[in-house]
Amino acid sequence: METALKDHPLAVEEAGGARPGAAARTITIPVQGMTCAACQARVQRTLGQQPGVIEASVNLMMKSAAVRFDPAATSPEDLVAAIRDTGYQADLPSPALSAVDEQETRDKAQAEEFLSLKRKAIWSGLAGTVAMVLSMPLMAGMTEHGPTADPFMRWAMERLTPVLRGAAPWLYGIEPRVLSLALLGVTLGVMVWAGRHFYLRAWSAFRHHSADMNTLVAVGTGAAFLYSALATVAPGLFIERGLAPDVYYEAVILIIALILTGHMMEARAKRQTSAALQRLVSLQPKTARVLRDGMEQTLPVGTVGAGDLVVVRPGERIPVDGTIIDGTSSVDESMLTGEAMPVDKRAGDAVIGGTINKTGAFQYRATTVGAASVLSQIVTLMRDAQSSRAPIQKLADRVSAVFVPVVLSLAVATFVVWFVTAETAPAVRAFAASVAVLIIACPCAMGLAVPTAVMVATGKGAELGILIKGGEALQRIGGVTAVVLDKTGTITEGQPTVTDYVGAKAAPWPNREVLRLVASLERSSEHPVAEAIVRYAAEQSLVLSRAENFQAVTGQGASGWIDGISVLVGNEGLMAASGVATDELREEAERLAEAGKTPMFIAVDGRLAGLIAVADRIKPTSREAVKRMKRLGLQVAMLTGDHRRTAETVAAQAGIDRVVARVSPEGKVAEITRLQKEGATVAMVGDGINDAPALAQADVGIAVGAGTDIAIEASDVTLMRSDLRSAVTAIELSRRTMRTMKQNLFWAFAYNVVGIPVAAGLLYPAFGLLLSPILASAAMAFSSVSVVANSLRLQYADIR
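The protein is annotated in an unreviewed UniProt entry as P-type Cu(+) transporter of Nitrospira tepida. Quoted verbatim from the Sequence similarities (unreviewed entry) field of the UniProt record, the comment on the protein reads "Belongs to the cation transport ATPase (P-type) (TC 3.A.3) family. Type IB subfamily." UniProt lists a comment for the protein under the heading Subcellular location (unreviewed entry), and it reads "Cell membrane".

What follows is the structure, given as structure tokens:
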């Protein structure tokens, strides 16, 4: 597992391949100051317009921008400068920090943000309560058609005024001008302290010729404050024009308080969406027990280097990756695989940092530390996945790009219509309605609808031992209609054993010598069948030689030279291509294949020398996984380079109806292409080198984590445990996530489609209903929180 993840493509900056931009670099840049979908769309649009940028993905939840670019045309410094030119803060990521360290820093910043918002929301709420109390005497003398046409404030005045008169009659004896000046001071204090970032960010957006959520809040509350301040210091200007010098101070404070409360709840929910990442980071021990100069020392884990000897006792977490050199134990690796059963470990076995040593004590030598560790790689994979975008996000982006300017125009139109048509207090009604439009129309929910679901789903997947490489892959999995399975290591255990050996009658070599030659050749291969032959030779106490000019013929076998002798082992196609006749043992090969075994011919110095067969048991969970796939309405097929009879036997045991056997890697690609041309969306599940082209060709490539690095690099999803049921779980998780995304987007759009006309006064002619700016701010806050809360339901979904 360590080897499989160590060089994972999402953990490196360089990307190979032949397609345009394949030599590009990818960098993830932290971006501060984004608060809504309009901010996100603006930064992404700016990055996308930079020369040399191939693809840019900005994530509001992660506060980051993932940019794929041509280093010959631009640089990370230029990209950071472009982001700063849009008015947002950006810095290059620190190369000295591992993914675990970066995540710890991010978690700490999130906690501080939540506490700051909580503090400001509470004090603003208290200030708003005081402002309402001080405003009661001012409202007492107003007519029904003054500012109390605001339904919330009218209700408050009617219900609370009698109570307040009885409890504090002295308050009604204070000069109204004194109360107005006191409210002005309290409101200004709240705006400067608690709401300052709204105005600073709105000003920054204005200087950069754009607008966002902060613009709406700043314009709405700013206009209400300026209106009220003018009425306080120059009431004559209003009286001369037949208007009452009414004030909106309490509305300004309560709007800020409610928006901050919404942001506080949103920040808390955001922390929950990254709970899986936080749990992974918490697995990293802070210290390690290291042997140096013959002495056992407790050192910070960051100081442990490759080659250090580390001591682990029962019950402790393993601090860094390494290889056991002394002792035995069982290790809980559930943080990687989701599998609760401990794994037995002995000298020579690899251990992973963050896993739990259960029973014995042992010493091991550290191999990969810091950013190269498996835990750090998994955190990197998850962060990259959570920072990516699902294609469905494009709809929200298109709306967000024009949303704020449209809302500002609607607010102006609302003011004009009310000012022209209202029979009583037209200016007051027009002002209240236009402020309500500005406040309720926040694009936050649209910006959070998709990334929150991606974050929770990828975290949920990681907890189940499924690593999904981003939002695009997550969305594609749900649309799969056909699943193509490799046989060895995917459907079967991947641990074949030698069952039969048959020597050719005319072969001049003894059987033991032929076995020694074959095992010497296969020792250079990583294929499970090769490992089985090597193990069998060891059981026979054969002394192996070193292979020269070894060549793996993918999907067919291998060739090479042993002690100056040419050796060839593989299927009948490989023998035919090499001019080796197999007639003598062909019937025996057919008999072994019918028994579910895999026969391989052996040629020495160009002559048929024998036949060796291996068998690989089907995994206990494979049949259940295939049943679940069929219940989901999926076509299921098996592709293998194995003998047809063997393949059909295994397929029957697994419950698979369609089998394509004796197929080369190119044939697997062709079969997947054929399914795609028939209209199927294909997922390929495999684990070997010969599966990599098929994994890349499929709409979704799913690699079994115990497989090769090449297979994992070519895939979209990595299964951390060799259990085919995890592939079904990934599909189910994707479908559930897509439903959640669509729900989020529907409610985010529907909220604005309904809320803005109501705030503008659409219901007033028929029902006499107006939406208070204060209630509008509460509704705006609720919309964002509801979207995040809906995404969090994925965390508790019954998906296994």
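### Points about the overall build of the protein
Summing up its helical and strand segments, the protein has 30 helices and 26 strands in all. Taken over 800 residues, the protein has a buried fraction of 55%. For the protein, the share of sequence-separated contacts (at least 6 apart) that also reach a separation of at least 24 residues comes to 70%. Summed over its atoms, the accessible surface of the protein is roughly 33,300 Å², and 57% of this surface lies on carbon and sulfur atoms.

### Quick word on the nonpolar core
Core analysis: the largest hydrophobic core is formed by 151 residues, its most contacted members being Leu47, Ile83, Val483, Leu485, Met629, Ile656 and Met741. Counting residues per element, this core draws most heavily on helix α28 (residues 725-760), at 12 residues. The contact partners of valine 483, leaving out residues within four places of it in the chain, are Met629, Leu634, Gln635, Val636, Ala637, Ala683, Val685 and Ile731. Among the nonpolar cores identified, the runner-up in size contains 39 residues, and Leu542, Ala589, Ile612 and Ala613 belong to it.

### Some details on the pairing of strand β13 (residues 362-366)
When strand β7 (residues 309-312) meets β13, the two strands line up antiparallel, connected through 4 bridges. Bridge pairing in β13 links valine 311 to glutamine 363. Two strands pair when backbone bridges link them, and strand β8 (residues 322-327) and β13 are joined in this way by 5 bridges, in the antiparallel orientation. Its bridge partner being in β13, aspartate 326 is matched across the sheet by glutamine 363.

### Quick notes on the UniProt feature "transmembrane region" (unreviewed entry) in the protein
When the UniProt feature table is mapped onto this chain, "transmembrane region" (unreviewed entry) is found at residues 121-140, 178-195, 216-235, 247-265, 399-421, 427-450, 745-764 and 770-792. Within residues 247-265, the helical portion is 89% and the strand portion 0%, while the C-alpha atoms at the span's ends are 30 Å from each other. Helix makes up 85% of residues 745-764 and strand 0%, whereas the separation of the span's terminal C-alpha atoms amounts to 28 Å.

### Some points on a nonpolar patch on the surface
On the surface, Val412, Phe415, Val416, Phe419 and Val420 cluster together to form a nonpolar patch covering roughly 460 Å² of accessible area. Counting through the fold element by element, phenylalanine 419 comes out in helix α14 (residues 393-421). On the basis of relative accessibility, which here comes to 44%, the residue phenylalanine 419 falls in the partly exposed class.

### Topic: the sheet that holds strand β10 (residues 343-345)
Two pairing modes exist for strands in a sheet, parallel and antiparallel, and in both the strands are linked by backbone hydrogen bonds. Strand order in this open sheet of 3 strands is β10-β9-β12, and the pairing throughout is antiparallel. The strands lining the two open edges of the sheet, one partner per strand, are β10 and β12 (356-357). As paired elements, strand β9 (residues 329-332) and β12 share 2 bridges and run antiparallel to each other. Counterpart to valine 331 in the pairing with β12 is asparagine 357.

### A look at the environment of leucine 160
Along the polypeptide, leucine 160 turns up in helix α5 (residues 151-167). When its relative accessible area of 38% is taken as the criterion, leucine 160 is described as partly exposed. Sequence spacing of leucine 160 and methionine 136 is 24 residues, and the spatial spacing of their C-alpha atoms is 8.1 Å.

### Some thoughts on the sheet that holds β13
Strand order in this open sheet of 6 strands is β6-β5-β7-β13-β8-β11, and the pairing throughout is antiparallel. With one partner strand each, in any of the chains shown, β6 (295-300) and β11 (350-351) form the two edges of the open sheet.

### Some words on the packing of aromatic side chains
By the definition in use, this model includes 7 aromatic pairs. A ring pair is formed by phenylalanine 415 and phenylalanine 419, whose centres lie 5.9 Å apart and whose planes are at 10°; its orientation type is stacked. Of the two residues, phenylalanine 415 and phenylalanine 419 are both situated in helix α14; the distance of 4 residues between them amounts to about one turn of the helix. With relative accessibility at 31%, the residue phenylalanine 415 sits in the partly exposed group.

### Details of helix α16 (residues 444-463)
With 20 residues, α16 extends 28 Å from end C-alpha to end C-alpha; this agrees with the ideal 28 Å at 1.5 Å per step. The largest bend along α16 reaches roughly 30° and is located at valine 450, with the proline proline 451 sitting one to four residues downstream. Looking one or two places after α16, you find glycine 465, whose phi comes out positive at around 80°.

### Quick look at the side chain of glutamine 44
Looking at the secondary structure, you find glutamine 44 in helix α2 (residues 37-48). In this structure the side chain of glutamine 44 is engaged in a polar contact, spanning 3.0 Å, whose partner is the backbone nitrogen of valine 58.

### Quick notes on the confidence of the model for the protein
Caution applies to low-pLDDT parts of the model: their predicted coordinates are not meant to be read in detail. For the protein, the mean per-residue pLDDT works out to 82, and 88% of the residues sit at or above 70. Every residue in residues 1-22 scores below 50 in pLDDT, and together they form 51 contacts with partners more than four places removed in sequence or on other chains. A low-confidence stretch, residues 143-149 stays under pLDDT 50, and its non-local contacts, those more than four residues away or across chains, total 17 contacts.

### Notes on unusual backbone geometry
Phi at asparagine 549 is positive, roughly 55°, even though this residue is not glycine. Tracing the backbone through its elements, the reader meets asparagine 549 in strand β17 (residues 547-553). A relative accessible area of 63% places asparagine 549 in the exposed class. The phi angle at arginine 662 is positive, at roughly 50°, despite the residue not being glycine. Note that arginine 662 resides in the loop between β23 (658-660) and α25 (665-677). Arginine 662 gets classed as partly exposed once you look at its relative accessible area, which sits at 38%.

### A few points about the environment of alanine 727
Position of alanine 727 among the secondary structure elements: in helix α28. A relative accessible area of 1% places alanine 727 in the buried class. In this structure the C-alpha to C-alpha distance between alanine 727 and methionine 684, which are 43 residues apart in sequence, comes to 9.8 Å. Residues within four places of alanine 727 in sequence aside, it is in contact with Met629, Val685, Ile702 and Leu719.

### Thoughts on the packing of helix α22 (residues 583-594) against helix α24 (residues 644-654)
Following both chains from N to C, one finds α22 and α24 inclined at 5°, their axes separated by 7 Å at the closest point. With respect to α24, the element α22 is oriented roughly parallel. Of α24, the residues touching α22 (which contributes Glu590, Ala593 and Glu594) are Arg645, Thr646 and Thr649. Of the residues contributing to the contact of α22 with α24, the split by class is 1 nonpolar, 2 polar and 3 charged.

### Some details on the packing of helix α17 (residues 471-478) against α28
For the pair α17 and α28, the least separation of the axes is 7 Å and the interaxial angle reads 105°. Taken together, α17 and α28 sit at an angle that is classed as roughly perpendicular. For the pair α17 and α28, contact is made by Leu474, Gln475, Ile477 and Gly478 and by Ala730, Ile731, Ser734, Arg735, Thr737, Met738 and Met741, respectively. Considering only residue class, the contact of α17 with α28 consists of 6 nonpolar, 4 polar and 1 charged.

### Thoughts on the pairing of strand β18 (residues 557-562)
For β17 and β18, the ladder comprises 5 bridges, and the chain directions are antiparallel. Bridged to valine 553 within β18 is glycine 557. Following β17, the chain reverses through 3 residues before pairing antiparallel with β18; glycine 555 in that reversal takes a positive phi of roughly 80°. Once β18 ends, the chain turns through 2 residues before running back antiparallel as strand β19 (residues 565-570), passing aspartate 563 with a positive phi of about 50°.

Here is what the cut-offs are and how they apply
- Residues numbered from 1 in each chain as written.
- Predicted model: local features only at pLDDT ≥ 70, side-chain atom pairs only at ≥ 80, totals over all residues.
- Heavy atoms only, no water.
- UniProt positions renumbered as here; feature names shortened; annotations may be inferred.
- Helix = DSSP H or I, 4+ residues; strand = E, 2+ residues; numbered from the N terminus.
- Buried < 20%, exposed > 50% of the residue type's maximum accessible area, 1.4 Å probe, protein only.
- Contact = heavy atoms within 4.5 Å.
- Areas by Shrake-Rupley, 256 points an atom, 1.4 Å probe, with all protein chains shown as cover.
- Core = buried A, V, L, I, M, F, W, Y, C linked by side-chain atoms within 4.5 Å.
- Pairing = 2+ DSSP bridges.
- Patch = residues over 30% accessible without salt bridge, like charges linked within 9 Å, V, L, I, M, F, W, Y side chains within 5 Å.
- Salt bridge = Lys/Arg side-chain N within 4 Å of Asp/Glu carboxyl O.
- Phe/Tyr/Trp six-rings, centres within 6.5 Å; stacked < 30°, edge-to-face > 60°.
- Expected span 1.5 Å × (residues − 1).
- Bend = angle between axes of the 7 residues up to and from the residue.
- Polar contact = N/O pair within 3.5 Å; in protein donor to acceptor, adjacent residues only side chain to side chain.
- pLDDT = per-residue confidence, 0-100.
- Axes fitted to C-alpha atoms, helices over the stretch in contact; angles between N-to-C directions.
- Parallel < 35°, antiparallel > 145°, perpendicular 65-115°, else oblique.
- Nonpolar A, V, L, I, M, F, W, Y, C, P; charged D, E, K, R; others polar.

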